[in-house]
Amino acid sequence: MSAGLNLAQLQAVHYTDGACLVLAGAGSGKTRVITMKIAHMIEKGMDPRRIAAITFTNKAASEMRERAKGLIGRRAKDVLICTFHALGVRMVREDGHVLGLKPQFSILDADDVTGILKEASGGTTDMATARQWQWVISKWKNMGLTSEQALAQAADDNERIIATLMARYEERLAAYQSVDFDDLIGMPLRLLRDFPEVRAKWQAALGHVLVDEYQDTNATQYELLKLLVGEKGHFTAVGDDDQSIYGWRGATLDNLKKLPVDYPHLKVIKLEQNYRSTSAILRAANNVIGPNPKLFPKTLFSELGEGEPVRVVDADNEEHEAERAVARIQSLRAEGTLAQTGAQHKEFRDFAILYRANHQAKPFEKALRKANIPYKVSGGQSFFDRAEIRDLCAWFRLWANNDDDPAFLRAVTTPKRGIGHTTLGTLGVYASQYKLSLFEALFSSSLGAALSTKALGSLHEFGRYVNDLEFRARHTEGADNATAFLREWLKEIDYEKHLHDGEESEKVAAAKWTNVLEFCDWMAARCGGQIEDVAGVTERELKSLLEVSQTIALLSTISEREKDQNVVTLSTLHASKGLEWPHVLLVGVTEGMLPFKMGDGADSLGGSSKADEAANEDMATRLQEERRLMYVGITRAQRSLAVSWTRRRKKGRELVTALPSRFI
Ligand code: ATP
Ligand code: MG
């Protein structure tokens, strides 16, 4: 098991008696340490079920599971490898009843949340304001504040309004038996903190907890970790302060600073050898991060040779930049096919184009398409944001949790089934009068007094249909059965016709229908069946469709299916964390894009010098985070790196003159 590890890595893998922090630069094998340590502990006799490894994304989790399987075979299946949020789902499902939550609770996504906030405010708000409320409420929840506490500490009228809304919002979530993403961390924390028997149970269940990308955890996640591991502190955290890029979402480096204080016996291990990149690439990375203040000084070296120099490429505008990127991919690939040059063969999957913001992908997509180069956009607009997919999800959520009112309202009207707004309005008033969910209310005997027989009949029919689906979904296991069931259901509700009725263009409707089928197949595949693992052993891991339905909100990408595709990756820098490619093209490295244009802060405030100072400090902090983002981008590259910028960049609808990023 020690093959492929250096001494410092081995030390980290073998230390299992207490708290361990591996603090090291990019590409030094931190993630490898986690995977090997899981394998090591199992070989030493630890029950795989007592190990939890926490990753930053679902994709990272599935990759780690694959690697672990490669090392120790099927025993890896029992290790809990997931994100903090997925761990939260499990904890809330098992123990949420002590907080008054049914195990079939719904998980709301960001759009549901803004919808509920708009409705809670009386429905006259615009989207931007609702988003801003959501953001503030999320921040408070991440700080562990209840709505009363938020109200008590509100700084101005606006905050008082938001705190009042937060109270209404939380009431609605409770009524809908729903939680938002922040609750998936906050609730487990409350469970462990306020319920000693729950705490004792989880602490006893887990023998060792490993956390990857520790620098991007937030305060609540750290509290959760501490309570999970208890006094003994059997955990391994690995991270790199230079790669902390989620500060804007509440992640805090304080978590790194606090570790040695909270765990005085903390074993700190530093890794210095980079196994990913050539020296030229590493030098560029070190130059970029250099000006940032050093929290923990680190040195990194590579033995992979000097390699090709890092290229800086200029372009007139984005379209030109995209053409040049495509040309580079084509010429590198051509090199690889000429035997006499001795250059390695390069697959499409060896290339990644990385950028600061989602919208930057467009020109590159167009250019790649024109050149017939296959690609995928990761970290972009999620499949799950599409209207047709959200329609299906509403149904899934409703059959998993009948009390999910937002899902009820969407499902009952999609496709239309002759239940109109007046009927639903009456049902809503009745439900809130008797404190029932819409679904519960529709079966109440006294509802008949408020509605026509016809309207009541339609509601009852819908209710019975949902019950029927719930029953069938509960008893549908395995991919084949699930596919059959889903196809039948789509026919029953005539969803394809609904798509064609709603679209002026046949082509758009057909594309949506393809998405729907693809999504259903993907859902079905998650119900298990024949799965061939690395060792070629076939096993059956069956899940019911009902179980799978509950967790869809967590899966923001369907990337798990895409991993083997031989295509060029287009990704935001944020979504590229932890990954690596032989050839990386870092694009849009133009002043104003990276670092991202940050308002004119200090001057526009113009208030007291104290406010100026605070604004300056804020700017400096943000600039440091942009610098780390650039560092993350550079360090994704293994063999070659090209950095490009444009002489003109889009600013709103205009084109403005631009300069190369200060990071170049
Ligand atoms: P990041 O900071 O980007 O998350 P990391 O520190 O997690 O990087 P890994 O992804 O674990 O680094 O490793 C980087 C690359 O180096 C991987 O391809 C890995 O397989 C390889 N690697 C790690 N350790 C060794 C080693 N001891 N010998 C050979 N290759 C190694
Ligand atoms: Mg890593």
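Structure's up top.
Here the structure is a predicted model, which is why all the values come from computation and not from measurement. (Residues numbered from 1 in each chain as written. Chains lettered and ligands numbered in written order. Predicted model: local features only at pLDDT ≥ 70, side-chain atom pairs only at ≥ 80, totals over all residues. Heavy atoms only, no water.)

Bringing helix H9 (residues 183-194) into the picture now. Counted residue by residue, H9 has nine buried out of 12 residues, so it is predominantly covered. Listing the buried residues of H9 in full gives Asp 183, Leu 184, Ile 185, Gly 186, Met 187, Pro 188, Leu 189, Leu 191 and Leu 192. (Buried < 20%, exposed > 50% of the residue type's maximum accessible area, 1.4 Å probe, protein only. Helix = DSSP H or I, 4+ residues; strand = E, 2+ residues; numbered from the N terminus.)

Time to look at empty space enclosed by the protein. Overall, the coordinates contain one cavity of 30 Å³ or more when judged by the stated rule. As a volume, the largest cavity reaches approximately 60 Å³. Lining the largest cavity are Glu 318, Glu 321, Gln 360, Phe 364, Gly 588, Thr 590, Met 593, Thr 646 and Arg 649. Within the lining of the largest cavity, the residues separate by chemical class into two nonpolar, four polar and three charged. (1 Å grid on protein atoms, 1.4 Å probe; cavity = no way out; pocket = protein on both sides within 12 Å on 5 of 7 lines; lining within 4 Å. Points joined across faces, edges and corners; volume = space filled by probe spheres on them. Nonpolar A, V, L, I, M, F, W, Y, C, P; charged D, E, K, R; others polar.)

Here we come to the side chain of Ser 640. Examined against the element boundaries, Ser 640 turns out to sit in strand S18 (residues 637-646). Side chain to side chain, Ser 640 and His 583 meet in a polar contact 2.8 Å long. When residues no more than four places from it in sequence are discounted, the contact partners of Ser 640 are Ile 281, Glu 308, Arg 328, Leu 332, Pro 582, His 583 and Val 584. (Polar contact = N/O pair within 3.5 Å; in protein donor to acceptor, adjacent residues only side chain to side chain. Contact = heavy atoms within 4.5 Å.)

Two faces, one strand: in a regular strand the side chains alternate between the faces of the sheet. Burial runs high along strand S2 (residues 51-55): five of the five residues are buried. Pairing of S2 with strand S3 (residues 80-83) involves four bridges; the strand directions are parallel. Across the sheet, residue Ala 53 finds its bridge partner in S3, namely Ile 81. (Pairing = 2+ DSSP bridges.)

On to the environment of His 583, then. When you line up the elements, His 583 lands in strand S17 (residues 581-586). His 583 sits in the buried class, given a relative accessible area of 3%. His 583 sits 53 residues away from Arg 636 along the chain, and the two C-alpha atoms are 8.7 Å apart. In this structure, His 583 is in contact with Leu 332, Lys 346, Asp 350, Phe 351, Ala 352, Arg 639 and Ser 640, ignoring residues within four places of it in sequence.

If you walk through the whole model with that rule in mind, you get 16 aromatic pairs. Seen from their ring centres, Phe 56 and Tyr 246 are 4.9 Å apart, and the 50 degrees between their planes marks the pair as tilted. Of this pair, Phe 56 sits in the loop between S2 and helix H3 (58-72) while Tyr 246 sits in the loop between strand S7 (235-239) and helix H12 (254-262), and the two are 190 residues apart along the sequence. Here Phe 235 and Tyr 263 contribute two aromatic rings whose centre-to-centre distance is 5.0 Å and whose plane-to-plane angle is 75 degrees, an arrangement assigned as edge-to-face. Within this pair, whereas Phe 235 is found in strand S7, its partner Tyr 263 is found in the loop between H12 and strand S8 (267-271), the two being separated by 28 residues in sequence. (Phe/Tyr/Trp six-rings, centres within 6.5 Å; stacked < 30°, edge-to-face > 60°.)

Looking at ligand 1, there are 19 residues lining it, with Lys 30, Thr 31, Gln 243, Glu 580 and Arg 636 nearest. Tyr 275 is positioned with one of its side-chain polar atoms (N or O) 3.5 Å from a nitrogen atom of ligand 1. Expressed as a share of its isolated accessible area of 630 Å², the protein-covered part of ligand 1 is 83%. Sort the elements by how many residues they give to the shell around ligand 1 and helix H2 (residues 30-43) lands first, with three residues. Per-class residue counts for the shell around ligand 1 are three nonpolar, 10 polar and six charged. (Near = heavy atom within 4 Å. Areas by Shrake-Rupley, 256 points an atom, 1.4 Å probe, with all protein chains shown as cover.)

Before going further, it helps to examine the nonpolar core. With 52 residues, the main nonpolar core has Trp 399, Phe 408 and Trp 489 as its most contacted residues. Counting residues in hydrophobic clusters, the runner-up holds 34 residues, among them Ala 52, Phe 84, Leu 224 and Leu 256. (Core = buried A, V, L, I, M, F, W, Y, C linked by side-chain atoms within 4.5 Å.)

Attention now moves to the pairing of S17. Burial within S17 is extensive, with six of its six residues counted as buried. Looking at chain direction, strand S12 (residues 351-355) and S17 are connected through four bridges and run parallel. By the bridge assignment for S17, Phe 351 is matched with His 583. The sheet contact formed by S17 and S18 spans five bridges and is parallel.

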